[in-house]
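Residues per chain, in single letters:
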Amino acid sequence: MPAAYVIDPTKCLYYVKNECRQCEQACKELKAIKLDMAEEEILFDVGAVILAPGFNEFNAKLKVDYGYGNFENVVTSVEFERMLSASGPFQGEVKKPFDSAHPKRIAFLQCVGSRDLKYKNSFCSSVCCTYAIKEAIVAKEHDPELEITIFYMDIRTHGKNFESFYIRAQEEFGIHFVRSKIAKVKQNHDNKNIILDYVTESGVHKSEEYDLLVLSIGLEPPEDVNKLAKNTGIYLDSYGFSRTHDFTPTRTNRDGVFVAGAFQGPKDIPESVTQATGSVALASGLLSEVRGSLSRKKEYPEEMDVSQEDARIGVLVCHCGINIAGVAKIDDIRDYAGKFPGVAHAWDEIYACSQDAQQKIKEVIREHKLNRLVIAACTPRTHEPLFQDTLREAGLNRNLFEFVNIRDQNTWVHKDFPDVATEKARDLVRMGLAKASKLVSLKEETVDVIQKGLVIGGGLAGMTAALSLAEQGFLCYLIEKESELGGNLRHIHYALNGESTHEFMARLVKDVEENSKIKVYKSTDIRDIKGYIGNFNTIVKSREGETEETLDHGVIVVATGASEYKPEEYLYGKSDKVITQREIEEKLANGRIAPSELKNVVMIQCVGSRTKDRPYCSKICCSQAIKNALKIKKVNPDANIYILNKDIRTYGLKEEFYLKARDKGVIFIHYDDENMPLVTQDGKNISIEIVDSVLDDKFILEPTLLVLSAAVIPGNNDEVSKLLKIPINDDGFFMEAHAKLRPVDFATDGIFLCGLAHSPKPIEESIAQAQAAAARAAIPLARGYVVVEPIVSVVDEEKCFGCGICEYLCPYGSIRVIETPVGKRARSIAASCKGCGICSARCPREAITMGRFTTEQIMAQIDAIVEN
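Presented here is a report on the structure given in the accompanying data block. (Residues numbered from 1 in each chain as written. Predicted model: local features only at pLDDT ≥ 70, side-chain atom pairs only at ≥ 80, totals over all residues. Heavy atoms only, no water.)

## Considerations on the packing of helix H8 (residues 330-338) against helix H12 (residues 418-436)
Moving on, step 1. It is the contact of H8 with H12, at a shortest axis distance of 10 Å, that shows an interaxial angle of 30 degrees. The angle between the axes of H8 and H12 places the two elements in the roughly parallel class. Read as a crossing pair, H8 and H12 show a hand that is right-handed. Across the interface between the two elements, Asp 332, Ile 333, Tyr 336 and Ala 337 from H8 touch Thr 422, Ala 425, Arg 426, Val 429, Arg 430 and Leu 433 from H12.
Moving on, step 2. In terms of residue class, the contact of H8 with H12 is made up of six nonpolar, one polar and three charged. (Axes fitted to C-alpha atoms, helices over the stretch in contact; angles between N-to-C directions. Helix = DSSP H or I, 4+ residues; strand = E, 2+ residues; numbered from the N terminus. Parallel < 35°, antiparallel > 145°, perpendicular 65-115°, else oblique. Left-handed = near helix turned anticlockwise from the far one by under 90°. Contact = heavy atoms within 4.5 Å. Nonpolar A, V, L, I, M, F, W, Y, C, P; charged D, E, K, R; others polar.)

What follows is the structure in structure tokens.
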């Protein structure tokens, strides 16, 4: 659904023959078409620039051996994604391009245009493994009978929860994964199917026929990147991405010019969102003194008072492409809704969330004098604010709106039963209409914000977040339980590129401790945290002076870090020849290991990661192993180094170090869960038995040193979780509000997340995420107030008798029983209330009601479904 029409100058009669101009005449009122418009230069005076031009897709036609462009049933992953879309060419059905028949077997081919020296794309595109798995799962959801195989070199599901996604694809959906590079792609000339010739890990030659081949294409720098670099004065790397530094991942070489997203290097959505937000923090730091000087407040029309009017309800039923319309009967639902008393107008749209539909909603409200609106569509979780804002633009209170979810709760659940889905949609709409007739305008309250921040954790992420808040002009408290700042960074001596991390840490600690806007508390524990966004009260106690202090602040950043897993396997702790990657890094950095001890070094990956107990990938281990392997080779070039691995996950631009390690003679041996390395000890000597899948044979390694790549495990997050009432996932890390769109927010307003407390990640990602958390935290601090959604609890003090049940049960501490002139009464704290309704449901006097969820409104819904 394009936001605007575009004129093709090669076909327009005015541009070709200097005649016509009818479009210009037809648009007299808006004057949106100006055929005589000339190209012009516009000059902006700005204080900072953020470069986010995105990326290009690899041109699959360059890989002529794979048949793209010649074989009808070979498509790219981007094309296949579109084919799966409800608004795509096949309206969400899985079909072959050649004859539109339903395929029975689909193959995915990974690393097309990535990890490819021939096309100078030796980097890993980071996202291809995960998006291929996603597309495969979606295809299986559309057609469970499909047989899908993914051919790969290494599976790189390195993001948060991505490994469980990979496991789910195999165990729940039966997707096959074959480690192999395809030797040849041919076409069956009779049915146009695709024939793949390949060799398995064990050396068996196979030839398989598939109905459809999907090429998982990689990411490339955007077009005209050299021109952009010249115009902005920034440096590019050898691939054409913006050159940055591990310690300054969003800064370019030019002061005031920042970078975000895939232009800095291939990355997935969460990292792109995080980095973009982090670059905002840096720009905001530069511009803090002039903050708000050019901002404009959005103007809304005067809100109409409809309190004395009879309900005139509008009902909009959304097709959502085929997500709803492909299952339920839209016309039936629309016409059914239009017959109800109080409904003044009912209509439908293909996409109710599109810009055109939003404009039409406002026009319909004015034309039919509507004072309530019901939209039957997808999910309020993502779209409710959009429709509420549209109501406000039409002059209605945003709370005169009811969202009926007939997609997630209906057509997705009952996709194989269209009649049932249609009937259920009618029921849901009827309930929505019953509630809408009882809706009233509600006033939004504002709460003042204490313009100070509190950061929990003095490691890399915590220090970066505190410094970023200070640079943006806000006072900040930094709480560290240890006696010194630095966290895990104290145990890291050099980066993957060889640069000193200790020098960087020393500068960072100095900057934090000398910043007048940061008050550092070391050897300090948090005793209690109370309050809500804008008004938190934290009690801290110093272990040195045994003194308590209460800190008032408006926001909180959680950066509690993580730790290295202490292995219980592979003879760790039982043999002095078995150490972890962190320990060998310490020895190499301090010169406490003799070159003779490094004659034969074996490294075992995924120790404590990607197991049944810890199914997640620790993300840094492969890079850490390669970093230390290269350091050993520098100290002793004749050392024999073996890295035993399930997959090597040097994603993004880290791939060049994997190539360098192989070039230096480091040997990589693959193992799987069925053939784990077996470590035994004979006196002081140790030996490792490993099955090489390529040779399909067992052999023995006798190392002088065994190095274990131990997992990153969460810290003691339970304590902070209970204090702040913020969730932890199954792996023990904190759970963000939305994995992709809100990666540094918690669902609880005013609390933000960064670093290893979120999930395992390397230095550059921790820094970017800390800056992002600071940027998000700075929003309420800069505004000075927060707007409270009016769905909160309201206490009728005439009914309340102060029993305290509500205060005891509230999970957010949003109700307090206080002394009043007429005795004890409950009072709601609107800023922290989440509208969960526990207090209202349990109040023995029915003294508590919820905005937009009053007893009258809920009973109207219940009556509507019961009386049918």
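## A short note on the pattern of salt bridges
Moving on, step 1. In the structure shown here, the tally under the stated rule is 58 salt bridges.
Moving on, step 2. Asp 416 is the partner of Lys 415 in a salt bridge, and the nearest nitrogen-oxygen pair spans 3.8 Å.
Moving on, step 3. Since its relative accessible area comes to 56%, Asp 416 is described here as exposed.
Moving on, step 4. The salt bridge involving Arg 490 is made with Glu 484; its shortest N-O contact spans 3.7 Å.
Moving on, step 5. With a relative accessible area of 41%, Glu 484 lands in the partly exposed category.
Moving on, step 6. A single salt-bridge network, built from bridges that share partners, covers Arg 115, Asp 154, Arg 156, Glu 163, Arg 179, Glu 201, Arg 610, Asp 647, Arg 649 and Glu 655. (Salt bridge = Lys/Arg side-chain N within 4 Å of Asp/Glu carboxyl O. Buried < 20%, exposed > 50% of the residue type's maximum accessible area, 1.4 Å probe, protein only.)

## Quick look at the environment of Met 859
Moving on, step 1. With respect to the helices and strands, Met 859 occurs in helix H22 (residues 855-866).
Moving on, step 2. We classify Met 859 as partly exposed; its relative accessible area is 40%.
Moving on, step 3. A C-alpha to C-alpha distance of 12 Å links Met 859 and Leu 433, two positions 426 residues apart in sequence.

## Observations concerning the environment of Ile 584
Moving on, step 1. You can see Ile 584 is positioned in helix H15 (residues 581-590).
Moving on, step 2. Discounting residues that sit within four places of it in the chain, Ile 584 has contacts with Ile 579, Leu 598, Asn 628, Ile 632, Leu 705 and Val 707.

## So, the sheet that holds strand E22 (residues 535-542)
Moving on, step 1. Sheet architecture is open: three strands sit in the order E21-E22-E23, paired in antiparallel fashion. The outermost strands of the open sheet, each flanked by one partner alone, are strand E21 (524-532) and strand E23 (548-553). Each strand of the sheet is rotated relative to its neighbour by a mean of 20 degrees, with strand direction disregarded.
Moving on, step 2. Note that E22 and E23 share six bridges and pair antiparallel. By the bridge assignment for E23, Val 540 is matched with Glu 549. (Pairing = 2+ DSSP bridges.)

## Concerning the sheet that holds strand E16 (residues 401-405)
Moving on, step 1. A sheet is described by the order of its strands in space; here four strands give the open sequence E14-E13-E15-E16, paired in parallel fashion. Two strands lie at the open edges of the sheet, namely strand E14 (343-349) and E16, each paired on one side alone. With direction set aside, neighbouring strand axes in the sheet form an average angle of 15 degrees.
Moving on, step 2. Taken together, the six bridges between strand E13 (residues 313-318) and E14 define a ladder with parallel strand orientation. Each residue of the ladder has a partner; that of Val 317, found in E14, is Asp 348.
Moving on, step 3. The sheet strands contacting helix H9 (residues 355-367) are E13, E14 and strand E15 (372-377), and the helix crosses E14 at an angle near 165 degrees.
Moving on, step 4. In this fold helix H10 (residues 380-393) packs onto E15 and E16, with an angle of close to 150 degrees to the strand it touches most, E16.

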